[in-house]
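# Reading the structure
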Amino acid sequence: MTSHQNLLADESTLLDLLAKTALRDRAAFKRLYDSTAPRLFAVARNVLHEPTLAEDALQDAFVQVWHRATDYHAERGTVMTWLTTIVRYRAIDVSRRQRRDTSSFGDSETADPSTEPDLLAESLEHATELRDCLQRLSASQQHSITLAFFEGLTHEEVAQRVGTPMGTIKSRIRRGLSRLRECLES
Amino acid sequence: MNYDDPKLIDMLAAEYVVGTLHGRARARFTRLMQGSADVQKAVWRWERQLHPLAATLAPTPPPARVWSTIERRIRADSKSESQATDFWTPLKRWRLWGALSTAVAILLAVSLAVTPVPQAPAPDRIAQFSAADDQPLWLISANLTNGTLRARAINAQAAQLDRVHELWMLPESGPPRSLGLLPVGSEVRELTLPPGLVALLARASGLAISLEPAGGSPTGQPTGPVVYTAPLLSL
């Protein structure tokens, strides 16, 4: 299978692979990994700029998928959404622990330019509704939410990054999320 | 904080998913989520809404060593599972006699399962599913103290190609609750149930198995035919 085809793995294929994974089918699990790992590694890399930490997070996440494949159900969203959830939370955990250990917070040099809000909005072809709603937020709300989301930053870290007091960032993110919710529900 | 306020729960769920909820607040919210289906659902809703954002990142293939480590780690785990299945050989021999009642078979099966593995906590709920000809198919055991649920396939075959066997708990009242998909062959599946489900299981009357599409019921309720039921016995 070429990498191009891998990226096109559709939901029903992923669902089938996940169901077989739940039945301890190693070949299916490998195919599930091959079809989703590049996207999921990108997710981990955005939160954890240190590549080896991102690799660890991806590994842990997939070992968890192997053991907990039966936990998936439709309310969790698509299979890809569920896998993203597992990888993101794992990466956020690792990142928070790491920062507690080193106590200093790295700079933004390694930030992936594709996470910049303007590029982000452009590339959101598969989540039209979400994109439309994000675009209705103020630029500063968009920026803070996407920084927190893609890079796993805390309020304090977003505040440092954009040079705005933490209280302001907190209410900015909350208001932004409220508006996002209203928009998504309307 | 008033955790009954749906607006507050929704906002905390959003911050949990975005990642800005951290430290003790995150840990507290995680516990809240484990104990409440409503909180859990609020989180799932935000995950469904926000996580597709991640699809916009440029794919980055991980190095090959990531997969080899995953493979090594899951191989080590499944080895210990296949060793455990040896305890079931006596049960298979028994089937030929065909004279003993299911209840006696279950009790012996439990003592077989518990005695040689002293570190495994003793189950306090158990159920056996059998085929129409009394052949045992699955043995389910649960420990209510640590919330582990163990499903052991004894002689169960996979359902049709695109169908799976899903296990359900029949609570004292209310709709069935999914306990996951069942293993086949002689495999063992073990999972840790959230406290809410453990509480329901403690007073549940029985278990059931339905045939579901690959991946399990899409609705959270049985959608296919219920093919087996079994009483849940307290030990």
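Residues numbered from 1 in each chain as written. Chains lettered and ligands numbered in written order. Predicted model: local features only at pLDDT ≥ 70, side-chain atom pairs only at ≥ 80, totals over all residues. Heavy atoms only, no water.

## Quick word on the packing of helix H3 (residues 26–47) of chain A against helix H4 (residues 51–68) of chain A
Residue and element names in this part refer to chain A. For the pair H3 and H4, interaxial distance at closest approach is 10 Å and the crossing angle is 140°. Viewed along their axes, H3 and H4 form a crossing whose handedness is right-handed. Taking contact as the criterion, the partners of Arg 26, Phe 29, Leu 32, Tyr 33, Thr 36, Ala 37, Leu 40, Phe 41, Ala 44 and Arg 45 in H3 are, on H4, Pro 51, Ala 54, Glu 55, Leu 58, Phe 62, Val 65 and Trp 66. (Axes fitted to C-alpha atoms, helices over the stretch in contact; angles between N-to-C directions. Helix = DSSP H or I, 4+ residues; strand = E, 2+ residues; numbered from the N terminus. Left-handed = near helix turned anticlockwise from the far one by under 90°. Contact = heavy atoms within 4.5 Å.)

## Here's the deal with the state of the cysteines
Residues and elements named next belong to chain A. A full pass over the atoms with the stated rule returns one disulfide over all chains. Disulfide pairing places Cys 133 opposite Cys 183 at an S-S distance of 2.0 Å. Across the S-S bond of Cys 133 and Cys 183 the torsion is about -80°, and the bridge reads as left-handed. Here Cys 133 is found in helix H7 (residues 128–135), whereas its partner Cys 183 is found in helix H10 (residues 166–185), with 50 residues between them in sequence. Each member of the pair Cys 133 and Cys 183 is classed as buried. (Disulfide = S-S within 2.5 Å. Buried < 20%, exposed > 50% of the residue type's maximum accessible area, 1.4 Å probe, protein only.)

## Quick notes on the nonpolar core
Counting residues in each nonpolar core, the largest one holds 79 residues, and the members touching the most others are Phe 29, Leu 58, Leu 177 and Leu 180 of chain A together with Phe 29, Leu 50 and Ile 70 of chain B. In contact with Leu 177 of chain A, other than residues within four places in its own chain, are Ile 145 of chain A together with Met 11, Ala 14, Glu 15, Val 18 and Trp 46 of chain B. Counting 25 residues, the second largest nonpolar core, distinct from the first, contains Trp 138, Met 169, Leu 193 and Ala 204 of chain B. (Core = buried A, V, L, I, M, F, W, Y, C linked by side-chain atoms within 4.5 Å.)

## Examining the interface of chain A and chain B
The partner chain B presents 56 residues to the 62 residues of chain A that form the contact. If you sort the residues of chain A by the area they bury against chain B, Glu 75, Tyr 89 and Arg 181 of chain A come out on top, with a joint share of 11%. Between Asp 10 of chain B and Arg 181 of chain A there is a salt bridge, and its shortest N-O distance comes to 2.7 Å. In this assembly, chain A and chain B are joined by 17 residue pairs in polar contact (both at pLDDT 80 or more). Elements with a contribution of two residues or more to the side of chain A that touches chain B: helix H2 (11–22), H3, H4, helix H5 (79–102), helix H6 (117–123), H7, helix H8 (139–151) and H10 of chain A. Take the side of chain A that touches chain B: its biggest share by element is 11 residues, from H3 of chain A. Tallied by class, the residues present in the side of chain A that touches chain B amount to 34 nonpolar, 15 polar and 13 charged. (Buried area = accessible area lost by both parts, 1.4 Å probe. Salt bridge = Lys/Arg side-chain N within 4 Å of Asp/Glu carboxyl O. Polar contact = N/O pair within 3.5 Å; in protein donor to acceptor, adjacent residues only side chain to side chain. Nonpolar A, V, L, I, M, F, W, Y, C, P; charged D, E, K, R; others polar.)

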